[in-house]
Structure formats: structure tokens, C-alpha cells
Amino acid sequence: MSYFTTIAGGLKSLVTGLGITARQMRRKPVTLTYPHVKPELSEAYRSLISLVQFEELETHDCIACMQCVKICPSFCIEIDGGRVEGIKRMRASKFEVDFALCSMCGLCIDVCPTDTLEYTKLYDEAGYEREWVYDLLDPFRDFEDEFVERQRVSDAREAAEKAAKRAAAAEAKAATEKEPEVDP
Amino acid sequence: MPRTFLDIFGNPLLALGAGIGGVMTVLSLNTLFCIWFERKVSAWIQRRMGPMEVGFHGTLQTVADMIKLLGKQLITPRGVDKPLYHLAPLMVFAPVVAAASLLPFSKTVVLTNINIGLVLIFMFGGFAVIGIFMAGWGSNNKYALLGAMRSIAQNISYEIPLILSALPIVLLISAKGPMYEIEGEMIAINGMNLAHITAVQADTGVWFVLLQPVAMLIFFIAILAETNRAPFDIPEAESELVAGFHTEYSGMRFGLFFFAEYSNMLIGSMLATVLFFGGWDGPILPGPVWFFLKAYLLIFAMMWIRWTFPRLRFDQLMTFCWGALIPLSIVNLLVTAFLIKVL
């Protein structure tokens, strides 16, 4: 008797299996036809880093503070920079990242005091060499002179305003100091 | 009764040429289509898309693959048994062409009309085993030899339920009496003539799958095993044996094995169509269309099964055949014979 129940049970399980695949067959494929359709990446996608272009500055805001260089566990960031003649802000002149070493850990992004580092959404980078060093400042080179010029003007205006204020304050102070002499 | 190619062309050589040309055309197109279709079915089941790039929905993918295969170097490994190694693909492929020429695909025209068609088809099916073993033995490769040995054991075992489940049909046809009237024509009916089997089903309007459901099931399972299809694909189990008996073959020699495998699928499902599903019988559409439609539905079922079930272990395979299929088919045959005698 168990002979027939075994066969019947086996047949039933086979039919169940066919039913499962039949259900899958009617569903839509989940394939993305990749080169024709680009994948939609999540907000938290981690990839190569790049500098943010701020709207009000019209360029990046790297002040070459070296925080990212210090925190980077793979030692892949190399920055040069310093004072630029005529403006208060420090500016980076070189921001080289060796992406062959970078592990996309994101510590540089977290530590950046001006929030000028961010992840890109690049996912299909490929090359023919082992060398994989990008200067992140390259896309901003053209804006730099203009920015410095603007900054110089605004810094000068700020300084003038400050000087004026200081002069006014000094005058007011002088006036209050003179008062007791007038009083008697 | 249908006219054969010999009746139409008159000249035997001309009929032979036309027959071989026709069969080869059908088999080639079938292989091209089946490989594409197999990939599509597997993709649908796994919620993928399958080939999409070459041609509309990848229809020309197999053509491109075939061209690539034709351009490949034919490598003959050192230490092979040369005559066996070179003959094996032909030995596997030739019986397929012969078997395909026996099938009655239409009501009016067939390639051949032989009274022992059923026996011949099983005979040509047995031929393939020799070719597979020649390939396995001649390759001088342990995986090829293991695959070939498994294939032999499997094919010989499953030929028994295959034939035993076809015999009830022969009995049913023979029971119609020595003479039978089909469309006003009295013919000496023969249970092993494939054209007669179809004609009787079309005449009575009852397909034998209704009278013999158990036999149909056993026959279909046996066909799966005979064509080395999953879940009975242990002769070429790629996770164990690289590629089984055709491990050492490259280029178009490998292509011929592939060709034979898919042609065997077509012949198997065509035979099942003839025996159980009324062959060319069907309303509205012309006969050959129905014939191929039914055959391809069965092929679809085979692919569906392949992408659903895991491979059997060797002892399970043998237990299933000798413990379940053969006893069941013998009982089915005896019951059929008894009922025919009584009723």
C-alpha cells in the first residue's frame, strides 16, 4: 500500500513544483536591460568622492584644512593649498585622490568642516592602467580666478564696512568719553 | 491513406533526396528555435528576459551562436581512439534523421509509410546509445566515460517502460480488426503503422490520451529520460561530469551532439503526439500545423519540467524506472489487454 501512496505523494509534489514555476512564468521579469536602461541608484550609494559646487560660491569650498587627509585610513588623499593673496579664505590648489586605494568609507565626507565633499553616483568606472588618481579640483579650475576676484571685492567691502563701523564706534566712544568734561 | 514521397516523385532517389532535404530543414530550424525557446522558457521561469540583443527578442541569437560554432577549431585531443572519436557524432546524429522521416505529419502526404514504423523509431532511438558510448569511450576522458556509462544504463532501462507504454496503443489499434474503414476506404490496419494510429484516432474522434492516461504519463517520462533531459540529465550532469560524454568535443562536432539532442526532443514529442494526441487531427487549422503545435506544446512541457525539477541521483533514477515505471506499465498493458478481450 505504501508503494502507491509514495507514488501518489511524489506525483502531487511534482505537480506542486510545476505550479510554482508556472506562477513565476506569468510574472514580469525583474531584469534591467543595462546599457539601454540606467539603474536607479539609492541616495546612500557610495562611490568615488567629489567636491560640491555651492550655489552661492559658484565653486567648491575646500579650505585645505587637511582634516580628510588626516582621517583617511587608506592615505589616498593629497592636498596642497594655503592663503591666496588678497582674500581671507584658505584655498586648496591640489586635491588628488588615489581611487585605487580608496575604499569609499566616507570618513572624509563626515569630517569635512565645510561639507564640500560628497559621493558621486559613478558606478561604471574602468581603466586600462593601475594608476587611478583624479584631481578633484580639475572641474573647478576655470572658476577659481573669478571666485578669488569676487572674494577679494567682497572681502574688501567687508573690511571697509568693518573699518567704517569701527570708526563710528570709536567716534561714539570718543563722544561718551568727552561728555563728562562738558557736563559740569 | 496518405501518399508517400515515393508516390509523389516516382523515382526512389528523388524521393530520398527530397525526404532528406525536408527532414534536415525541419530539424535544423527546430534546433535553432528550440535553443532560443529553451533559453526563453528558463528566463521566464527565473523572471529574467533571456536573449534580447540579436534580432527581435534575441531570435537570431542561435544563428549567431551557430556561426561562432562553425568558425571554431576542431580539436582532437591526444590519446583518443580516432575512428570511434570521429564517428561518434555521426552515429548519434544519423539515426535522428532516419527516425524523423518515419513520422506522419500530415493527413495527405508523408515521407514514408511503413507498417513497422513504431518498431523502427524505437530501433533508431536505441542506435543513439551506441554513438554516445563511442563518444565516451573514444574520448579517453574519465568524465566522458562516466557520462557515457550512465547514459547507457539509463537509456537501456528506460527503453522498457517506453515500449511497454506504447504497446497498449498497438493493442487498441489491432483490436479494431484486420480490416478497418477510414473515409470509405477499407484498409488492412496495422497497430505499428504510425499513419494508421493517427487515422484511427482522427476517425473515432477519441485521442488515446483519454483511454490511456497512465501510459501517456509513463511514455512522457520515459521520453524525458531517453533524450537525457533534466531531471534525468545525469549523463551530462554539468556540475559533476563537466559535460558528460561530449566533454572532449569542440566546434561543430559538439554542435552535432547538440543538434541530435534537440532533434531527439522533437522526435520524442512528435511520437507522443502521434500515439496519444491524435497527430494531425484537429479542427479548422491544416493537419501539419496541428501536428507541430502539439509537438511544440509537449516540448514546452519538457522545458518547463527541466527548469522546475532538480536532477535525480543515479540510484533514484534506477529505482524510479524498475520500481515504479516498469511495474506500472506492465499492469497497464495487462489491464488493457484484458479489457480489450472482455469488452
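Residues numbered from 1 in each chain as written. Chains lettered and ligands numbered in written order. Predicted model: local features only at pLDDT ≥ 70, side-chain atom pairs only at ≥ 80, totals over all residues.

S.K.: Outline the overall build of chain B, supporting the account with residue identities and numerical values.
M.R.: Of regular secondary structure, chain B possesses 13 helices and 4 strands. Whereas a compact globule of 343 residues would reach a radius of gyration of roughly 20 Å, chain B reaches 20 Å, a difference of no more than 12%. C-alpha atoms of chain B, sized along the principal axes, occupy 60 × 45 × 45 Å. Scored against the burial criterion, the 343 residues of chain B give a buried share of 45%. Put simply, of all contacts in chain B between residues at least 6 apart along the chain, 76% involve residues at least 24 apart. (Helix = DSSP H or I, 4+ residues; strand = E, 2+ residues; numbered from the N terminus. Rg over C-alpha atoms; globule rule 2.2 N^0.38 Å. Buried ≥ 20, exposed ≤ 12 C-beta atoms within 10 Å, placed from the backbone. Contact = placed C-beta atoms within 7 Å.)

S.K.: Describe in detail the overall build of chain A, supporting the description with residues and values.
M.R.: Helix and strand counts for chain A stand at 4 helices and 5 strands. Taken from N to C terminus, the helices and strands of chain A fall in the order α-β-α-β-β-α-β-β-α. Expected size for 184 residues packed as a compact globule is a radius of gyration near 16 Å; at 32 Å, chain A overshoots this value by more than 25%. Along the first, second and third principal axes, the C-alpha set of chain A runs to 130 × 50 × 30 Å. Buried positions account for 11% of the 184 residues belonging to chain A.

S.K.: If you had to explain the sheet that holds strand β2 (residues 77-83) of chain A to someone new, which residues and values would you point to?
M.R.: Residues and elements named next belong to chain A. Pairing in this open sheet of 3 strands is antiparallel, and the strands run β2-β3-β5 from one edge to the other. Only two strands of the sheet have a single neighbouring strand rather than two, namely β2 and β5 (133-135). Ignoring which end each strand starts from, the neighbouring axes of this sheet average 15° apart. (Pairing = 2+ DSSP bridges. Axes fitted to C-alpha atoms, helices over the stretch in contact; angles between N-to-C directions.)

S.K.: Explain the domain arrangement of chain A to me, and be specific about the residues and the numbers.
M.R.: When its domains are assigned, chain A resolves into domain 1 (1-30) and domain 2 (49-160). On a C-alpha basis, the centres of domain 1 of chain A and domain 2 of chain A stand 60 Å from each other. (Domains from an automatic or database assignment.)

S.K.: Please give an account of the environment of Glu 177 of chain A that cites residues and values.
M.R.: On the secondary structure map, Glu 177 of chain A appears in helix α4 (residues 141-182). On the neighbour-count criterion, Glu 177 of chain A (9 C-beta atoms within 10 Å) is exposed.

S.K.: Residues and numbers for the nonpolar core, please.
M.R.: Core analysis: the largest hydrophobic core is formed by 92 residues, its most contacted members being Val 92, Phe 219, Ala 222 and Leu 275 of chain B. A total of 15 residues in this core trace back to one element, the largest contributor, which is helix α11 (residues 251-276) of chain B. By size, the runner-up hydrophobic cluster in this structure holds 14 residues, among which are Ile 49, Val 97, Cys 108 and Cys 112 of chain A. (Core = buried A, V, L, I, M, F, W, Y, C linked by C-beta atoms within 7 Å.)

S.K.: Mind laying out helix α13 (residues 314-342) of chain B, listing which residues take part and the relevant values?
M.R.: All names here are of chain B. Between its first and last C-alpha atoms α13 spans 41 Å; for 29 residues at 1.5 Å apiece the expected length is 42 Å, and the two agree. Cys 321 marks where α13 bends most, by close to 30°. For α13, every residue scored as buried is listed here: Leu 317, Phe 320, Cys 321, Leu 325, Ser 329, Asn 332, Leu 333 and Thr 336. Taken together, the buried residues of α13 touch α6 (142-174) and α9 (213-226). (Expected span 1.5 Å × (residues − 1). Bend = angle between axes of the 7 residues up to and from the residue.)

S.K.: Describe the environment of Leu 328 of chain B, listing the residues and the values that go with them.
M.R.: All names here are of chain B. Position of Leu 328 among the secondary structure elements: in helix α13. Residue Leu 328 is classed as partly exposed on the basis of its C-beta count, with 19 C-beta atoms lying within 10 Å. Counting along the chain gives 114 residues from Leu 328 to Val 214, while the straight-line C-alpha distance between them is 8.3 Å. The residues touching Leu 328, leaving out its near neighbours within four places in the chain, are Val 214 and Ile 218.

S.K.: Before we move on, could you go through helix α7 (residues 194-204) of chain B and cite the residues and values that matter?
M.R.: All names here are of chain B. With respect to burial, α7 is a largely interior element, 8 of its 11 residues being buried. Where α7 is concerned, the buried positions are Leu 194, Ala 195, His 196, Ile 197, Thr 198, Ala 199, Val 200 and Gln 201. Its buried side turned inward, α7 meets β2 (109-110), α5 (117-138), α6, β3 (179-182), α8 (208-211) and α11. Following α7 by one or two positions, Gly 205 has its phi on the positive side, about 75°.

S.K.: Which residues make up the packing of α6 of chain B against α9 of chain B, and what are the values?
M.R.: All names here are of chain B. Put simply, α6 and α9 touch, their axes get as near as 8 Å, and they point 150° apart. Put simply, α6 runs roughly antiparallel to α9. You can see that α6 and α9 cross each other, and the crossing is left-handed. Note on element contacts: α9 touches α6 through Ala 215, Ile 218, Phe 219, Ala 222, Ile 223, Ala 225 and Glu 226, opposite Gln 154, Asn 155, Tyr 158, Glu 159, Pro 161, Leu 162, Ser 165, Ala 166 and Pro 168. For the contact of α6 with α9, the residue count by class is 11 nonpolar, 3 polar and 2 charged. (Parallel < 35°, antiparallel > 145°, perpendicular 65-115°, else oblique. Left-handed = near helix turned anticlockwise from the far one by under 90°. Nonpolar A, V, L, I, M, F, W, Y, C, P; charged D, E, K, R; others polar.)

S.K.: So what about the packing of helix α2 (residues 12-45) of chain B against helix α12 (residues 287-306) of chain B? Which residues, and what values?
M.R.: All names here are of chain B. Two numbers describe how α2 lies on α12: the axes approach to 10 Å, and their chain directions differ by 45°. Compared by their axis directions, α2 and α12 come out oblique. You can see that α2 and α12 cross each other, and the crossing is right-handed. Residue-level contacts link Cys 34, Phe 37, Glu 38 and Val 41 of α2 to Ile 299, Phe 300, Met 303 and Trp 304 of α12. Across the contact of α2 with α12, the residue classes tally to 7 nonpolar, no polar and 1 charged.

S.K.: Which residues make up unusual backbone geometry, and what values go with them?
M.R.: All names here are of chain A. One non-glycine residue, Met 104, lies in positive phi territory at about 55°. The topology assignment puts Met 104 in the loop between β3 (90-98) and α3 (107-111). The class for Met 104 is partly exposed, based on 13 C-beta atoms found within 10 Å.

S.K.: Before we move on, can you summarise the pairing of β3 of chain B with the specific residues and values?
M.R.: Each regular strand carries side chains that alternate between the two faces of the sheet. All names here are of chain B. Summarising the sheet, β3 and strand β4 (residues 185-188) pair through 4 bridges and their orientation is antiparallel. Bridge pairing in β4 links Met 179 to Ala 188. Counting the residues between successive antiparallel strands, the hairpin from β3 to β4 contains 2 residues, one of them, Glu 183, with a positive phi of roughly 50°.

S.K.: An account of the confidence of the model for chain A is needed here, citing residue identities and associated values.
M.R.: Here chain A shows a mean pLDDT of 85. Residues at 70 or above account for 96%. Within chain A, α4 of chain A has the poorest average pLDDT of any element, 82, and α3 of chain A the best, 90. (pLDDT = per-residue confidence, 0-100.)

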